[in-house]
Amino acid sequence: MMLDYTQQHLVKMVNQIASNVPLREDVAGQIVDHVTRFWTPTMCADLTQIGRDQPEILAAEVHAALALLETSTAGA
Amino acid sequence: MNKPIEVDIADLDLGTPLRLSDSTVTVLIDGTPIAVPAGTSVMRAASLAGTQIPKLCATDSLDAFGSCRMCLVEIEGRKGTPASCTTPCEDGMSVKTQTPRLDKLRKGVMELYISDHPLDCLTCSANGDCELQDTAGAVGLRSVRYSPAGANHLDAGTDSSNPYFSFDASKCIVCSRCVRACSEVQGTFALTIAGRGFDSKVSPSEENAFLDSECVSCGACVQACPTATLQETRVIDLGVPTRKVKTTCAYCGVGCSFVAELRGDELVRMVPDKQGGANEGHSCVKGRFAWGYATHADRITQPMIRDSIDSEWRPVEWSEAIAFAADRFRAIQKQYGIDALGGITSSRCTNEEVYVVQKMVRAALGTNNVDTCARVCHSPTGYGLKQTFGTSAGTQDFASVQKSDVIMVIGANPTDAHPVFGSRMKRRLRQGAKLLVIDPRSIDLVRSPHVKATEHLQLQPGTNVAVLNALAHVIATEGWVDEAFVAERCDTASFAAWRRFIELPENSPESLAEVTGVSAETLRSAAAIYAQAGNSAIYYGLGVTEHSQGSTMVMAMANLAMATGNIGRDGVGVNPLRGQNNVQGACDMGSFPHEFSGYRHVSDDAARELFSALWGVGLRKDPGLRIPNMLDAAVSGQFRGIYIQGEDIAQSDPNSQHVEAALKAMDCVVVQDLFLNETSKYAHVFLPGTSFLEKDGTFTNAERRINRVRPVVPPASGLSEWQVTCALSAAMGYPMDYASASEIMDEIAALTPTFKGVSFELLDALGSVQWPCNEQAPEGTPIMHAQRFVRGQGQFVTTPYVPTDERSTRKFPLLLTTGRILSQYNVGAQTRRTANSVWHAEDILEIHESDAELRGVAQGDWVEVSSRAGSTRMRAHISDDIPAGVVYTTFHHPVSGTNVITTDNSDWATNCPEYKVTAVQIRPSASAAAPA
C-alpha cells in the first residue's frame, strides 16, 4: 500500500522523534509522552494504523511506543 | 536652605546623559539645591532643578561635546566661564546660569551662528520646531552685526538622495550632533566632519550622498539635529506636526516605542520615544520611516467574497462577508466533522486580537486546531525553554546587555533583523565586552567599525548542536562548571546525566571539528571565553530554531547557561531575538494547539476548567493540529476550512507547492489581512485587517515587555480586527461581547497568572511592564529566574547531535541558508510598499567566489537555484561573507519565491521548518524567466 503525503509525513515525524528524544533509555516512553502532548488523537490513530500496515517503515522504538500507546488508550 | 525640588523630567532634554553612581552630590543652581548622582553634568543638574541652560551641541542622548559655547556658566570660586555640559557637579558647588557676563557671551556666540545661517525662519520647514530658533530667542538675540556678504555657507546645497530625509548644508551649524548620534547611538560611524575650520562640514562616508553612503537611515541623525539641516521629507512637505499619540512599532521583536506625530488625522512622522523601555529613543529605518504601507493604494478596506478561487472577488458589506464565512464553516463541520476547521493567529496582531482568534477556534469552532506563525520561527524556543527553565521566554531585559562581559550571538544578525537592539549591543562591545559569533555567515557584527568578534565560529549549516556540545564538553571537562549554582538552583540528577553525556569523547572539540567545520582550537577558545567571564549572555535567532534540531539547540544553550551560572541576574541569560513584534505575545496568548494562554496544556484539568467556566463552554483536552499538520490534512481531504489572521503562508511557509495544494483543496479559506497576498489567491473570504496605526491593544516584545498600541487613526475598514473575529464567532453561535480591547486584556489577566496584574490602566501609568506581572511583581519582572527557575529547579537535558537528513549531495552540492536584510521585513508585504525598496529591490543569492567560478557565474548574473522541492531564479552576488559550499538569500520578495525551494524538513519536536539548511544546485540562467 502506498502511503499518501500525510502518512509519509507522520512516519518521518515519528522516526525523527525516535532519533532525537534526549535519553537513549526508554525511547518508547519518551515518544509516547511526546505524541500524546503534541499530536491529535487522529494523528496517533493514523500512525497506529501505519504501524499495522507497514511496520517496516517505522523505527523499532516506534513499534514499542505504539504498543505502549495502545495499552494506555485501552486503559483510558 | 531651600528644600530640594522634584521635577517631572519625562519630556525634557536634560542636555547630557544620566550618570549612575552610588554616591550623590548636592549643588546650588542659582541658589536652588539639587542632589544628583556623582558625575552628573552641571547642565543636567540645572535642568533637573528646573533651569534650562541654553545649548546647541548638547542633548541627553549623547555624551557631552562642549563645542557650541552656548551653555557657559559661572561657578563660585572658579575662573572663567566653563561649559556646563562638560563640567561635572561637585559637592557644594554653587553655579550661576544667568549673569550679564553670560548673557553677553551667549549673545555673541549666537550672533556668529546666525550670521552664517539662512534668515528664512518664517518659511523654514522647522519653524516652531528648531532649537537654533528657540535658543536665539532664549539668549535674547535681536540683531546681527555681521554682514551676510562675507564668506558663508548659504549656498551649500541640499542632499535629497535619501527617500525619507534631506540634508540642507546651508542650515548646518556643525554641532556634530548627527555625527555623534551615528557613532554613539547607532554605532554605524557613517558620518564624519570633513575639512577644518570654516570648511568643516558633515560628510557621509567620505563625502558621498547619503543614499550612497554607509548610512542605514535609522534617523538618529535627524532626531539629533537641532536645526532644519537634517529634516524628514514628510515634515518639509506637510509641515510641523500638531498632535501626538504614543504607540509601538509593528516590525521586529524589539518592539520600539514611538510617538506618532500628526497634523489633524494625517501622520507626519514617527519619532522614537525616549521613554520607551525597549528602544530608549532610538529607531531603525523600518520603524522610523517605513510605515507608508498603511495608506498604500493596495490596501483592501472592504470585505470581499467569492464562491470559488477561480471567480472574481465581490466586495460586500461586513454582515454579508461574515454570514458567508459562517455558513461555509458550518457546512464544512456538518459534512466533515468539528476538526475539519482551524485557525492561524498572527504575530503582527495585538495580544487582544490573537486572544480572540484562539478563543473563537476553541470555543466557537469547538476544536484546538489553532496555531500561530511562531510555528515557523520560534516554536522550538517555546519547547526548549519550557523544558529547561519552565517557561517560554527570554530571561533578560534588553538593558541587561550593558552588563555583559561576553556576548554570544548564535544564528542571529541583530544589526539587520533587530537593529535597535543591535545598536545597543554594539555600544557594549565598543566598551570592551567580548563577542562570540556562531554563524555560517560573516554577519556585520563579526567585523564592523570599532567592533570585532573575538571568535567567529563559522560552522557548517545544520551543526549547531554539535558546536554547543563541544563548548559544553570543554566547560565540563576543564572544571569550569559553576558547581555552587548547579547544586543550589538545578535538578542535580538531570545535571549528573547531562554531565555523563557531555563528557563523552564523542562530544569533544577534536571529535566534532570535522563535522562542524570549526577547529578544535577555536571551539576551546570560545568555551573558555564564555565560561570564564563574569557575565556571559546568549542572544539567538532563527539560525538556532529553524533546524531539524532547533528545540535540541535551545536546550543546549540553556544547559550551557545553567552549567556556568549565567542565569538570573543582569548581563547573562538566554535570549531569543523574536522575529516579529508580537511573537512572544502570540505565543503567550494560547495560540499553540496544545496550550491555553500562559503555556498551560489543554489536558491540564484545572486550567481547562478555569477557561471553560469563564468562557461558558466545554473545551477539548486533546491537542489540535499544527500548521504543517493542517496542511497535510487538507491535502488528504480531512481539513476543509481555515481562518488565517495576518499571515501569508503561501509565501512564508516552506515547500510552497505543498502549501498551495493544501489551500487549493480547502472549501473555505478566510484571510484577514491588509493586502491581497499569495495566500489570498486561494481564499474565498477576504476580511480587511487593520494596520498597527489603527490598532488598539498591546504587543509583547522579545524581552516580555507589554507595550500599548494606541490607535493613531481610525480603522480604514471601519472595524477593529477583534470586532471582526467576534462577529464571526457570534455568527458561529458563540458571541463574545467585548466593549473594548481593554476588556479583552482584563479577561486575559483573569485567566493568565503571568498577566494577572496587567491592565491598560497600569500600562498607561507605567508605560510598559514585563511579565510576569502579578501580586509578587506588580510592576513586572525585568530579569527572570532570579531566585528560582519557573519550574523550580533548572532541568538539564541531554542533547545528542543528530545530523539533519538534508545533506549536500552530488546533485545538490551546496547548502542554502536564509535570512533577513535591514531594509526589508519578512515576506515584504509592508516594506515592499515603501521606499525601502530603493535599498533592496529583489532577493539576491550570495555565493562564494570559488563556487561561482566553478559554475561560470559572474557578479550580478541570473542563476537558477534548485533543490529537491523546486527551483527559482535570482541574481548572484559574489561575496566572501559566506564560506565555500554555502549560499545565502533572503525571502522578502514573492517573485523570487525562496520558499519554493525550501523543503518540508522540520524540527523534531515542534515542526518548525528547517529553513536554514536546504541542499541546492546553482546554474547560470539566461534571465529571471523560467525556461519554457
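In this numbering scheme, every chain counts its residues from 1 along its sequence in written order. To read the labels, note that chains go from A and ligands from 1, taken in the order they are written. Local features are withheld for residues below a pLDDT of 70 in this predicted model, meaning they are given only at 70 or higher, and side-chain atom pairs are given and counted only at 80 or more; totals for whole chains, interfaces and linings count all residues.

**Student:** Requested: an account of the overall build of chain B, with residues and values cited.
**Tutor:** Along its length, chain B carries 28 helices and 37 strands. Dimensions along the principal axes, computed over C-alpha positions, put chain B at roughly 90 × 70 × 65 Å. Whether a residue is buried, exposed or partly exposed follows from its count of other C-beta atoms within 10 Å of its own C-beta, namely 20 or more, 12 or fewer, or something in between, respectively; the C-beta atoms are built from the backbone. Buried residues in chain B amount to 59% of all 932 residues. If you take every contact in chain B between residues at least 6 apart in sequence, the share linking residues at least 24 apart comes to 72%. Helix and strand labels come from DSSP, where a helix needs a run of H or I of at least four residues and a strand needs a run of E of at least two; each type is numbered from the N terminus. Throughout, a residue-residue contact means that the two C-beta atoms, derived from backbone geometry, are no farther apart than 7 Å.

**Student:** Can you tell me about the interface of chain B and chain A, naming the residues and giving the values?
**Tutor:** The interface of chain B with chain A comprises 18 residues on the first partner and 16 residues on the second. If one sorts the elements of the side of chain B that touches chain A by residue count, helix 22 (residues 627-635) of chain B sits on top with 4 residues. Throughout, the ten residues Ala, Val, Leu, Ile, Met, Phe, Trp, Tyr, Cys and Pro are labelled nonpolar, Asp, Glu, Lys and Arg are labelled charged, and all others, Gly among them, are labelled polar. Here the side of chain B that touches chain A is built from residues that sort into 7 nonpolar, 9 polar and 2 charged.

**Student:** Pulling in residues and values, what's your account of the nonpolar core?
**Tutor:** Of all hydrophobic cores here, the largest spans 244 residues; its most connected members are Ile407(B), Leu471(B), Met557(B) and Val670(B). Those residues in contact with Val670(B) that lie beyond four places of it in its chain are Ala325(B), Ile642(B), Tyr643(B), Ile644(B), Ala683(B), Val685(B) and Leu687(B). Core analysis: the second largest hydrophobic core is formed by 24 residues, Met13(A), Ile17(A), Val35(A) and Leu47(A) among them. As used here, a nonpolar core is made of buried Ala, Val, Leu, Ile, Met, Phe, Trp, Tyr and Cys residues. They are joined through C-beta atoms within 7 Å.

**Student:** Quick rundown of the environment of Ser742(B)? Include the residues and the values.
**Tutor:** One can find Ser742(B) in helix 26 (residues 741-751). Note: C-alpha distance between Ser742(B) and Gly92(B) (650 residues apart in sequence) is 50 Å.

**Student:** Tell me about the environment of Ile114(B), residues and numbers included.
**Tutor:** Residues and elements named next belong to chain B. Take Ile114: it is sitting in helix 2 (residues 100-115). Placed 84 residues apart in sequence, Ile114 and Phe198 show a C-alpha to C-alpha distance of 15 Å. Once residues lying within four places of it in the same chain are set aside, the contact partners of Ile114 are Ala136, Leu141 and Val144.

**Student:** Can you lay out the domain arrangement of chain B for me, pointing to particular residues and giving the numbers?
**Tutor:** For the domains described, the bounds stem from an automatic or database domain assignment. As assigned here, chain B comprises domain 1 (24-98), domain 2 (119-294), domain 3 (304-377 + 582-770), domain 4 (379-576) and domain 5 (814-924). Computed from C-alpha atoms alone, the centre-to-centre distance between domain 1 of chain B and domain 3 of chain B is 54 Å.

**Student:** Describe the sheet that holds strand 18 (residues 434-438) of chain B, naming the residues involved and giving the relevant values.
**Tutor:** Residue and element names in this part refer to chain B. A pair of strands counts as paired when DSSP detects no fewer than two bridges linking them. Taking strand neighbours across the sheet as the criterion, the 5 strands line up as 21-18-17-22-23 in an open arrangement whose pairing is parallel. Across the chains shown, the open sheet's two edge strands, defined by having one partner strand only, are strand 21 (455-457) and strand 23 (574-576). Mean inter-strand twist for the sheet, computed between neighbouring axes without regard to direction, equals 15 degrees. The pairing of strand 22 (residues 536-540) with strand 23 spans 3 bridges and is parallel. By the bridge assignment, Tyr539 is partnered in strand 23 with Asn575. Simply put, an axis is a line fit to the C-alpha atoms, just over the touching stretch for a helix, and the angle between two N-to-C directions goes from 0 to 180 degrees.

**Student:** I'd like to hear about unusual backbone geometry, residue by residue, with values.
**Tutor:** All names here are of chain B. For the bond from Trp771 to Pro772, the omega torsion is 0 degrees, close enough to zero to count as cis. Within the secondary structure, Pro772 sits in the loop between strand 31 (768-770) and strand 32 (814-819). Residues other than glycine seldom take positive phi values, yet Ser176 does so here, at roughly 70 degrees. Positive phi, close to 45 degrees, is recorded for Glu280, a residue that is not glycine. Among the secondary structure elements, Glu280 is positioned in the loop between strand 12 (266-272) and helix 7 (285-289). By C-beta crowding, Glu280 is classed as partly exposed, having 18 other C-beta atoms within 10 Å.

**Student:** Go over the environment of Gln795(B) with me, naming the residues and quoting the values.
**Tutor:** Residues and elements named next belong to chain B. With respect to the helices, strands and loops of the structure, Gln795 is situated in the loop between strand 31 and strand 32. Separated by 566 residues in the primary sequence, Gln795 and Thr229 have C-alpha atoms spaced 56 Å apart. Beyond its immediate chain neighbours, meaning those up to four positions away, Gln795 contacts Gln387, Thr388, Asp491 and Ser494.

**Student:** Report on the pairing of strand 18 of chain B, specifying residues and quantitative values.
**Tutor:** If a strand is regular, its side chains alternate between the two faces of the sheet. Residues and elements named next belong to chain B. Among the 5 residues that make up strand 18, 4 are buried, leaving the element largely enclosed by the rest of the structure. As judged from the 5 bridges shared by strand 17 (residues 406-410) and strand 18, these two strands associate in the parallel manner. The residue bridging Val406 from the neighbouring strand is Lys434, located in strand 18. Sheet topology note: the strand 18/strand 21 ladder contains 3 bridges and is parallel. Looking across to strand 21, one finds that Ile438 is bridged to Leu457.

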